[in-house]
Amino acid sequence: MRPTVVLALVLVLAGCSAQQRAATRPAPATATGAADAAADSLRFPGETHLRNIRQLTFGGNNAEAYWSPDSRQLIFQSDWAALNPQGCDQQFVMNADGSPLAGAALSGGPAQNRYRLASTGQGRTTCGYFLPAGGPLGGRVLYASTHAGDRACPPSQARASGRYVWDIFETFDIYSARPDGSDVRPLVEGPGYDAEGTVSPDGRFMIFTSTRSGDLELWRLELATGALLQLTDTPGYDGGAFFSPDSRQIVWRASRPTGDALAEYRTLLVQNMIEPGALNLFVANADGSEARQVTDMPGANWAPYFHPNGRQIVFATNQRSVTEGTGGRTFDLYRVDTDGTNLERLSFSNTFDAFPMFSPDGTKLVFASNRRADRAPSRETNIFVADWVE
């Protein structure tokens, strides 16, 4: 699920400018093997862990780019009009190096041989994810979609409210499909919101967020048997969960409102919205046991993902702009140990940096950002990939 207010402004682009095309080329290495900072034009001072940043999309709102198990491709959601004239987010697959897709038979603009539609093109979608090759649905992708209950583009109540809130679409169910969008099959259906699905690296389980219990809770589905297990039961929003590299732990974002804040949370939930003003990160065993809070910071601390070492988490937060009183709309990438220590800021664009995810081989980090090589202000959110440097 994306913060729709931050990403609300859509600028239609049919292609990329010369400056943008230049920005997609990797920065050349110096004789010592270090990146040439002048050529690495999308990297900002202070971003010591990122090198050779490449821009992979060039207009509209693009987010939640997640890796294939072989680290070669990404699935992402986009309302970029050059790819998706329908208006609501749809799921697309692209090569992680920005190269054309082999054998792609795509219609539309000249850039479309780089992106393949993976969803139906109907309704609204979110949270695409590759399924590991060894699991019962190996080689497929999953995503949440409203297309069965609402084939048109459902309007955003959050955007109309004028508040910083997220939509909870009741018609979201979770589907699997081949990466070319064919053979769509329901995976999780039923009344209410079912979305935010991700899969354990061993291919056994999917974790997702659902309102089936009356609140936004985490649930685990055993893919081979269909067995369901509720993992959380504390009032408040639990969502955006991911498994650790060894499939033994989960990390997620959660709100824990009390008093008047809890009453307001429940009022908004009835209206199919939540206000993510206070989110922190939690870690637990994969069955939901031994849950513990990792962060305790103001603002929205969210979009967590495990470092390949399993001992650290990368995530997005607006805690700095909340603390500084600048409106809370600037999100930075941070890293923290799973015990809450050694907090480290990773991104310094002072725009919107979020949805970080390490490639399975640990060499790259993909993320979404409003950054531009020319440093001009932008409300476009694009996908970027960087070499990761420890």
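Treat the numbers as computed from the prediction; the structure is a model and nothing was measured.

*Asks:* Would you mind showing me how to read the packing of aromatic side chains here?
*Replies:* Geometrically, a pair of aromatic rings is defined through the distance of the ring centres and the angle of the planes. Across all of its chains, the model carries 19 aromatic pairs by this definition. With centroids separated by 5.1 Å and ring planes inclined at 75°, the aromatic side chains of Phe242 and Tyr305 adopt a geometry described as edge-to-face. You can see Phe242 sitting in strand S15 (residues 238-243) and its partner Tyr305 sitting in strand S20 (residues 301-306), a full 63 residues away along the chain. By the burial criterion, Phe242 is buried, and Tyr305 matches it. Between Phe358 and Trp388 the ring centres are 4.9 Å apart and the planes differ by 85°, which places this aromatic pair in the edge-to-face class. Within this pair, whereas Phe358 is found in strand S24 (residues 353-358), its partner Trp388 is found in strand S26 (residues 382-388), the two being separated by 30 residues in sequence. You can call Phe358 buried: its relative accessible area is 2%. By the ring-pair criterion, three or more aromatic residues cluster together here, those being Trp166, Tyr237, Trp302, Phe331, Phe352 and Phe355.

*Asks:* When you look at unusual backbone geometry in this model, what are you seeing that I'm missing?
*Replies:* Phi is mostly negative for residues that are not glycine, and the peptide bonds are mostly trans. The phi angle at Asp183 is positive, at roughly 55°, despite the residue not being glycine. Assignment of secondary structure puts Asp183 in the loop between strand S9 (173-177) and strand S10 (185-188). Residue Asp183 is classed as partly exposed on the basis of its relative accessible area, which comes to 27%. Positive phi outside glycine occurs at Ala303, with the angle close to 50°.

*Asks:* Would you take a moment to explain the pairing of S24 for this structure?
*Replies:* Each regular strand shows side chains that alternate between the opposite faces of the sheet. Most of S24 is tucked away: 6 of the 6 residues are buried. Two strands pair when backbone bridges link them, and S24 and strand S25 (residues 364-369) are joined in this way by 4 bridges, in the antiparallel orientation. Residue pairing for S25: Asp353 is matched across the bridge by Ser369. Counted between consecutive antiparallel strands, the loop separating S24 from S25 contains 5 residues, among which Gly362 sits at a positive phi close to 80°.

Cut-off values and rules
- Residues numbered from 1 in each chain as written.
- Predicted model: local features only at pLDDT ≥ 70, side-chain atom pairs only at ≥ 80, totals over all residues.
- Heavy atoms only, no water.
- Phe/Tyr/Trp six-rings, centres within 6.5 Å; stacked < 30°, edge-to-face > 60°.
- Helix = DSSP H or I, 4+ residues; strand = E, 2+ residues; numbered from the N terminus.
- Buried < 20%, exposed > 50% of the residue type's maximum accessible area, 1.4 Å probe, protein only.
- Pairing = 2+ DSSP bridges.

From the geometry alone we can't say anything about function, so treat these as descriptive.
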